[in-house]
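Summary of the model geometry
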Amino acid sequence: RLFDLDPDLLPLFQYNCKQFASPQECLSAPEFLDHIRKVMLVIDAAVSHLENLSCLEDYLCNLGKKHQAVGVKVESFSTVGESLLYMLERCLGTAFSPDVREAWSKLYGAVVKAMRRGWETLPEGD
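Keep in mind that what you see is a predicted model, and the values were worked out from it rather than measured. (Residues numbered from 1 in each chain as written. Predicted model: local features only at pLDDT ≥ 70, side-chain atom pairs only at ≥ 80, totals over all residues. Heavy atoms only, no water.)

**Quick notes on the packing of aromatic side chains**
By the definition in use, this model includes 5 aromatic pairs. When the centroid spacing of 5.8 Å and the interplanar angle of 85 degrees are considered together, the rings of Phe3 and Phe13 count as edge-to-face. In this pair, Phe3 is assigned in helix α1 (residues 2–5) and Phe13 in the loop between α1 and α2 (23–27), connecting sequence segments 10 residues apart. With relative accessibility at 14%, the residue Phe13 sits in the buried group. The rings of Phe3, Phe13 and Phe32 are connected pair by pair, giving a single aromatic cluster. In this structure, Arg1 is placed above the aromatic ring of Tyr86, and the distance from its NZ or CZ to the ring centre is 4.3 Å. (Phe/Tyr/Trp six-rings, centres within 6.5 Å; stacked < 30°, edge-to-face > 60°. Helix = DSSP H or I, 4+ residues; strand = E, 2+ residues; numbered from the N terminus. Buried < 20%, exposed > 50% of the residue type's maximum accessible area, 1.4 Å probe, protein only. Lys NZ or Arg CZ within 6 Å of the ring centre and 35° of its normal.)

Below, the structure written as structure tokens:
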């Protein structure tokens, strides 16, 4: 869904300097699948620390810095969020109520807010 919403994100996913010719090629790459697992681990950590998301602030800020360093734009996270909600809706079906959508949107928004700090924080000495 991510590449359907924004095909311009495909070039951001390069592994060992290999440029993917198509979304399908990227989606089948073991490195991309590993990246997806890591994304889901971050989501899992956010869910696990729902009552105290602040304990993840530094980690998420550093994660934001890493994404900025490889050319990810903050705006791209809205596309990722839309893709996440789409996947949840497809998997949960009728259980994906408006309240559930809102809860997931808030959680994802909190994660992105913390990651945005990575774009705002300059390395020491700058």
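**With respect to the packing of helix α5 (residues 76–92) against helix α6 (residues 98–120)**
It is at 10 Å that the axes of α5 and α6 come closest, and there the two elements cross at 155 degrees. Our classification of the angle between α5 and α6 gives roughly antiparallel. In the packing of α5 onto α6, the handedness of the crossing is right-handed. Taken together, the residues of α6 that come into contact with α5 (itself represented by Phe77, Val80, Gly81, Leu84, Leu85, Leu88, Glu89 and Leu92) are Val100, Arg101, Trp104, Ser105, Tyr108, Val112, Met115 and Trp119. For the contact of α5 with α6, the class distribution of residues is 12 nonpolar, 2 polar and 2 charged. (Axes fitted to C-alpha atoms, helices over the stretch in contact; angles between N-to-C directions. Parallel < 35°, antiparallel > 145°, perpendicular 65-115°, else oblique. Left-handed = near helix turned anticlockwise from the far one by under 90°. Contact = heavy atoms within 4.5 Å. Nonpolar A, V, L, I, M, F, W, Y, C, P; charged D, E, K, R; others polar.)

These figures come from the coordinates and say nothing about function on their own.
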